[in-house]
Amino acid sequence: MNVDNNTVNVKDTQISGGQARIACPPALARNVDKLKVSFWINWQESSFLDELAEIKLSLQHTESLQEKPYYCPGGFNWNVHRTGTRLFTFRLTSGDLTFLLNTRVSKDKIPNTSFEIGSESCWLPGFEELFYRFSRWIAVLGGVIVKNQISEVHLAADFIGTKISDLNIADRDYWITRSQLFTTYLTNYQLSSIAVGKGDIMLRIYDKVLELRRDAVKQFTFSEVWGQPRYDAQPVTRAEFQLRRPILKTIKTDEKSETGIDTFADLCESFQSIWTYCTLSWARHCSERIEHDQNHQSRANLSNFWKDLSSVKWDGNEIRTRQRPLPKKDYVALRKQYIGIAMSLAAFHEVHATDPDHIIDIGKHILDEDIIAFFLDDEPEFVRRIEKKKREIYESVSILHSLKSEHPKEGLYPTPYPPIDLKEEHHAR
């Protein structure tokens, strides 16, 4: 995505309701503002990791040094830090780029590398260029990228010449959102930002010029991006959606897809779909107050600001929509859980640790006693629950509910035939 093509004019829309007027047509710049990608890398040569280990060890032998420069081949120079993170042994930084890695093998479920591109670098020289440059650099070091996976992405749209105070966005009653969290922030008693949501998906609308006053390093970059002589030549309001992997993997081409936005290639083909979901399904700013206890919110008119925002054009022609995560039952995991519970119950009865037959008998007795008691006490509720659980596992409508390979074959645990009358048997006891 060439940042030179990211400044566009958004079509002006008619003002309605009490909506404050926006400069029309507003000049707008849009781009990825942060990107975190996980990698599984097969290191065919260990010299790079060995050098990092030596540098980190030398730092830990000092009392005050926290980082040390590392000049390596391929065009990336880093500062190696004294400590890593919870999942990664080594932490390397260069400007707003962060490179995390460890010595896990590429076949592990957990990635052995993470690459984070910060805001300034995403805009200039650009997140795509840095992603592919990083991939080529890994090859120079003797690493083979087995796969990549998007961990987090921020999509930002900057309204150049638009004051945040003109947008009437601080009133919760003008919003329709899927999140109950709504926070406003003031600076010198003036609105500086709002935040909707938290965690896996979040919207922030804020005064970008005000933010840059505290970050001199970025001021020149964004004045160039916006085509302005200075970063504060005009007011700039930014709308930024922050999405993490749990949300991205639910935005799919269709219901049959097992994965959503998984790889970098998926992301580049799906920017427009992500933006459409965020601005038309997850959050909307309206021109009039919303009666949140009513059921006709879908007919609410969008504010001019939100019409402009939702009409922003992004790259990526692949059409994806948000698919609700479907319930999954893991047969193997449930069996392991059952073993743990049965052993804990047996421990209450002073069972001998080397007597598995006694442990099994205790588990059978408790299960028999409690299930029959539940059935006799409230048969309708018992039936309702087991039918509900069967539907969770044997759902026939969606192809995604097909049974896992580890699911037992029919007849593994045959039912008694003819069916036993539990009530009659219970009274006979």
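As shown above, the structure is provided for reference.
Being a predicted model, the structure only gives us computed values, none of them experimental.

Draft legend 1. Examining the overall build of the protein chain more closely. A count of helical and extended segments in the protein chain gives 12 helices and 16 strands. The buried share of the protein chain, taken over its 429 residues, is 41%. The contacts in the protein chain between residues at least 6 apart in sequence include a share of 65% that link residues at least 24 apart. In the structure as shown, the protein chain presents an accessible area of about 24800 Å², 51% of it carried by carbon and sulfur atoms.

Draft legend 2. Looking closely at the pattern of salt bridges. Applying the stated criterion to the full structure yields 14 salt bridges. Between E152 and R244 there is a salt bridge whose closest N-O contact spans 3.9 Å. With E152 in strand β8 (residues 143–160) and R244 in strand β13 (residues 236–244), the pair connects residues that are 92 residues apart, well separated along the chain. Overall, the relative accessible area of 38% leaves R244 in the partly exposed class.

Draft legend 3. Spotlight on helix α7 (residues 271–282). Between its first and last C-alpha, α7 extends 15 Å over 12 residues, near the 16 Å set by a 1.5 Å rise per residue. In terms of burial, α7 is a largely internal element, 9 of the 12 residues being buried. What α7 keeps buried is the set F271, Q272, S273, I274, W275, Y277, C278, T279 and W282.

Draft legend 4. Representation of the environment of L65. Mapping L65 onto the fold places it in the loop between α1 (47–60) and β3 (67–71). Separated by 17 residues in sequence, L65 and R82 have C-alpha atoms that sit 7.5 Å apart. Not counting residues within four places of it along the chain, the set of residues in contact with L65 comprises L59 and R82.

Draft legend 5. Quick peek at helix α2 (residues 119–140). Between the first and last C-alpha of α2 there are merely 26 Å, a value that for 22 residues lags more than 12% behind the 32 Å anticipated at 1.5 Å per step. At P125, α2 shows its largest bend, some 85°. Backbone geometry just downstream of α2 places G142 in the positive-phi region, at approximately 90°.

Draft legend 6. Quick look at the packing of α2 against helix α4 (residues 216–225). Between α2 and α4, the least distance of the axes is 10 Å, while the angle of their chain directions is 40°. Between α2 and α4, the interaxial angle falls into the category oblique. α4 is crossed by α2, and the crossing has left-handed handedness. Residue-level inspection shows S119, E120, W123 and L124 of α2 in contact with α4, the latter providing V217, K218, T221, F222, E224 and V225. Here the contact of α2 with α4 is built from residues that sort into 5 nonpolar, 2 polar and 3 charged.

Draft legend 7. Layout of the side chain of Q219. Note that Q219 resides in helix α4. Assessed through its relative accessible area of 19%, Q219 is described here as buried. Side-chain polar atoms of Q219 contact the backbone oxygen of L212, separated by 2.9 Å. In this structure Q219 touches L212, R213 and Y231, once residues within four positions along its chain are discounted.

Draft legend 8. Local environment of the nonpolar core. If you look at the biggest cluster of nonpolar residues, it comprises 82 residues, and the most contacted ones within it are L35, F48, W137, I205 and W306. Excluding residues that lie within four positions of it along the chain, I205 makes contacts with I164, I169, W175, S192, S193, I194, T237, R238, A239, F305 and W306. Among the nonpolar cores identified, the runner-up in size contains 5 residues, and A346, I359, I362 and I366 belong to it.

Draft legend 9. Focus on the side chain of T279. For T279, the position within the fold is in helix α7. Not counting residues up to four positions away in its chain, the partners in contact with T279 are F241, R284, W306, L309 and S310.

Draft legend 10. Main features of the packing of aromatic side chains. Scanning the entire structure with this criterion turns up 33 aromatic pairs. Ring centres 5.4 Å apart and planes at 35° place the aromatic pair W43 and F48 in the tilted group. By relative accessible area, W43 is classed as buried at 15%. You can call F48 buried: its relative accessible area is 3%. Ring centres of F48 and F99 lie 6.4 Å apart, and the angle between their planes is 15°; on these two criteria the pair is classed as stacked. Here F99 lies in strand β6 (residues 97–101) and F48 lies in helix α1, a separation of 51 residues in the sequence. Of the two residues, F48 and F99, both sit in the buried class.

The rules behind these values
- Residues numbered from 1 in each chain as written.
- Predicted model: local features only at pLDDT ≥ 70, side-chain atom pairs only at ≥ 80, totals over all residues.
- Heavy atoms only, no water.
- Helix = DSSP H or I, 4+ residues; strand = E, 2+ residues; numbered from the N terminus.
- Buried < 20%, exposed > 50% of the residue type's maximum accessible area, 1.4 Å probe, protein only.
- Contact = heavy atoms within 4.5 Å.
- Areas by Shrake-Rupley, 256 points an atom, 1.4 Å probe, with all protein chains shown as cover.
- Salt bridge = Lys/Arg side-chain N within 4 Å of Asp/Glu carboxyl O.
- Expected span 1.5 Å × (residues − 1).
- Bend = angle between axes of the 7 residues up to and from the residue.
- Axes fitted to C-alpha atoms, helices over the stretch in contact; angles between N-to-C directions.
- Parallel < 35°, antiparallel > 145°, perpendicular 65-115°, else oblique.
- Left-handed = near helix turned anticlockwise from the far one by under 90°.
- Nonpolar A, V, L, I, M, F, W, Y, C, P; charged D, E, K, R; others polar.
- Polar contact = N/O pair within 3.5 Å; in protein donor to acceptor, adjacent residues only side chain to side chain.
- Core = buried A, V, L, I, M, F, W, Y, C linked by side-chain atoms within 4.5 Å.
- Phe/Tyr/Trp six-rings, centres within 6.5 Å; stacked < 30°, edge-to-face > 60°.

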